[in-house]
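Examination of the molecular architecture
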Amino acid sequence: MEKFIDEISAEIKAAFSALGYNPDLGKVTVSNRPDLCEYQCNGAMAGAKEYRKAPLAIAEEVAAKLKDSQIFAEVNVAPPGFLNLKLKSSFICDYLKQMIKAPKFGLKQPEKPLKVVIDYGGANVAKALHIGHLRTAIIGESVKRIVRYSGHEAIGDVHLGDWGLHMGLIITELNERKPELVYFDAEYDGVYPEEAPFTIDELGEIYPTASARSKIDEAYREKALQATFELQSGRRGYRALFGHIMRISLRDLKKIYRSLNVDFDLWKGESDVHDLIAPMIEGFKRDGFAYCSNGALIIDIKKETDTKEMPPGLIVKSDGAYLYLTTDLATVLDRMENIAPDMIIYLTDKRQSMHFEQLFRCVKKTGLAPPEVDFYFVGFGTMNGADGKPFKTRDGGTMRLEELVALINEEMYQKIIANREVSETKARETAQVVGLAALKYGDLSNQAAKDYIFDIDRFTSFEGDTGPYILYTIVRIKSILAKYAEAGGIVSMEALKATDDLEGEKTGAKALMLNIAGFNAMLEAAYTEIAPHRVTAYIYELANALNTFYHQTKILTEPVNEKQKSYLALLALTKEILETCIDLLGFSAPERM
Ligand code: ARG
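Everything quoted here is computed from the prediction, not taken from an experiment.

1. Things to note about the pairing of strand 11 (residues 374–380)
Bridging between strand 10 (residues 343–349) and strand 11 involves seven bridges; their strand directions are parallel. By the bridge assignment for strand 11, Met343 is matched with Asp374. On the question of chirality, the crossover connecting strand 10 to the parallel strand 11 by way of helix 12 (residues 353–366) is right-handed.

In structure tokens, the structure reads:
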């Protein structure tokens, strides 16, 4: 289906063209004076110079041409040459009926779907997830869903941090505590135990202890570096321990991600590409891309057009260690060989933007990916506390992800029990669903690149631009539809009628229908701009339009059957659109709140 706004533009363009003007002048935009009109066209002003005519005269001509249009109820000319447009409600209603019948409400699907890898989550194995990991999970999940809904193949990869010094630190600390374990016996060549020598709780405590000690104990740090190196070089006992660490942490990670309604198609990590690194580097050297500088191996990526400093990509450190950039390059290689994507989107804190700029340049320079493959970096800002500084626990420590989720769920729970009589279990259950919406909406409704303030009071409020408000609106519709069904009513989308036929202008129904008609254009923008906040902004307006309609209209008590049926169809359609959108944002609505 064409987008609603394009259909309107087409009509105006035809009028400009029929009068001998450039049809491009007929471009239409949503009105910025909703009190005057619904859409507007500024083409007469734009064309005045070219055609040496007063804009007002051009506008008058176009308006006259459009007098019998099937689309417009009113075309008004306002100085100095605006065309103010009001649509016929029958036109809107017909469009909505087409949307209802079409798959995905008529969103145009690509002729040739792209294969898109979304690299998000980025949890570091055996380290606690912190708030930085929350944003990549929330935004990445939504981007993946938007890409998919837009008709492309989206492959989400968590890209675990599982191959760095933190692994060496854990092995070293374990060695201190239980040196008798068979994993540390270099001579041992038997089979290793199936049971891990630690629990998830121990593991959770081992890493911070080891990390803290490595900062004050140089010898200990050396040991950890050595252990990391031996692990990466394939020492059997260490690889076996690594397997235990991975199994135990993954179980835990999957649980957390599931609770956030985030799921990955691939659970790959840095360790998976280890074996690709040495031959890749050989190739870089052979082809003259990488060279030695002060004992390190680097790739030059400066361009003449650079206005800011662009340090070379560091591939191997002077002590022989690989870096973050090295594993990311090998990961591109792996993805090209095994997935062959058309696009890769990475989501991390924007402080990593230099890293990704370097990565993309190295990739293009070395030809790891063909030039037509697109690489995008979505860097997001920090989640701050009320003081404008990165969000912390009450005693100033970094907050763990689970603590944050628990915090918002508790707040939601309190609000729910204050609101109505409900059993403890039911209230907790609902609090989880609504809490997740509060958290995700609070995050996604900001432009990703901006910092934002985690304001628990505002996020959990049932009013305003919040997740709970959207859910409340959906629950409101559900409850009306349920009451209608209980009384034996059956909602049919066929019953949707143009508001003029129902004398319904005053009900807000027309405005609501106009909002719905904008769904495709919104989604297309959310996809091309990789911008979930487009979806939140849209549903906030849609929910407002729905609530205005609800407050101004008798629905269940409406005596005229035809009207009632049309209103119910409109409610049902709004609910479907809202539910589709919140699914794209990665949360869902409860039955009651
Ligand atoms: N593990 C990294 C971190 O916690 C994020 C990984 C992002 N993805 C990537 N391909 N580098 O900062």
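2. Re the pattern of salt bridges
Under the definition given, this model contains 36 salt bridges. Across the pair Asp349 and Arg351 runs a salt bridge, and its minimum N-O distance is 2.7 Å. The exposed category is assigned to Arg351, whose relative accessible area is 66%. The closest approach of N and O atoms between Asp451 and Lys350, which form a salt bridge, is 3.9 Å. Here the residue Asp451 occupies a position in the loop between helix 14 (424–444) and strand 13 (452–453), and Lys350 occupies one in the loop between strand 10 and helix 12, the gap between them amounting to 101 residues.

3. Focus: the sheet that holds strand 3 (residues 72–78)
In space, the four strands of this open sheet follow the order 1-2-4-3, with antiparallel pairing throughout. Single-partner strands in this sheet number two, and they are strand 1 (28–30) and strand 3. Each neighbouring strand pair of the sheet contributes to a mean axis angle of 30 degrees, computed without reference to strand direction. With three bridges connecting them, strand 1 and strand 2 (residues 39–41) associate as antiparallel partners. The residue bridging Thr29 from the neighbouring strand is Gln40, located in strand 2. Taken strand by strand, helix 3 (residues 55–65) contacts strand 3 and strand 4 (82–87), and its axis lies near 165 degrees from that of strand 3.

4. Regarding the site of the ligand
Near the ligand, the surroundings consist of Asp119, Gly122, Asn124, His133, His159, Tyr324, Asp328, Tyr346, Thr348, Gln352 and Phe356. For the ligand, an oxygen atom lies 3.0 Å from a polar atom in the side chain of Gln352. In the complex, 87% of the free accessible area of the ligand, which totals 350 Å², lies under the protein chains. Of the residues contributing to the shell around the ligand, the split by class is three nonpolar, six polar and two charged.

5. Considerations on the nonpolar core
Among the nonpolar cores identified, the biggest contains 162 residues, and Phe4, Leu87, Leu96, Phe519 and Ile577 are the most heavily contacted of them. In terms of residues, this core owes the most to one element, helix 20 (residues 561–585), which gives 13 residues. Beyond its immediate sequence surroundings of up to four residues, Phe4 is in contact with Tyr39, Leu87, Phe91, Ile92, Tyr95, Leu514 and Ala517. Counting residues in hydrophobic clusters, the runner-up holds 32 residues, among them Ile277, Ile299, Val316 and Val363.

6. Remarks on the environment of Gly464
Structurally, Gly464 is set in the loop between helix 15 (456–459) and helix 16 (467–486). Between the C-alpha atom of Gly464 and that of Arg394, which follows or precedes it by 70 residues, the distance is 27 Å. Those residues within four positions of Gly464 in sequence are excluded, and the remaining contacts are Tyr469 and Tyr540.

Parameters at a glance
Residues numbered from 1 in each chain as written. Predicted model: local features only at pLDDT ≥ 70, side-chain atom pairs only at ≥ 80, totals over all residues. Heavy atoms only, no water. Pairing = 2+ DSSP bridges. Helix = DSSP H or I, 4+ residues; strand = E, 2+ residues; numbered from the N terminus. Right-handed = clockwise from strand over helix to strand, strands pointing away. Salt bridge = Lys/Arg side-chain N within 4 Å of Asp/Glu carboxyl O. Buried < 20%, exposed > 50% of the residue type's maximum accessible area, 1.4 Å probe, protein only. Axes fitted to C-alpha atoms, helices over the stretch in contact; angles between N-to-C directions. Contact = heavy atoms within 4.5 Å. Near = heavy atom within 4 Å. Polar contact = N/O pair within 3.5 Å; in protein donor to acceptor, adjacent residues only side chain to side chain. Areas by Shrake-Rupley, 256 points an atom, 1.4 Å probe, with all protein chains shown as cover. Nonpolar A, V, L, I, M, F, W, Y, C, P; charged D, E, K, R; others polar. Core = buried A, V, L, I, M, F, W, Y, C linked by side-chain atoms within 4.5 Å.

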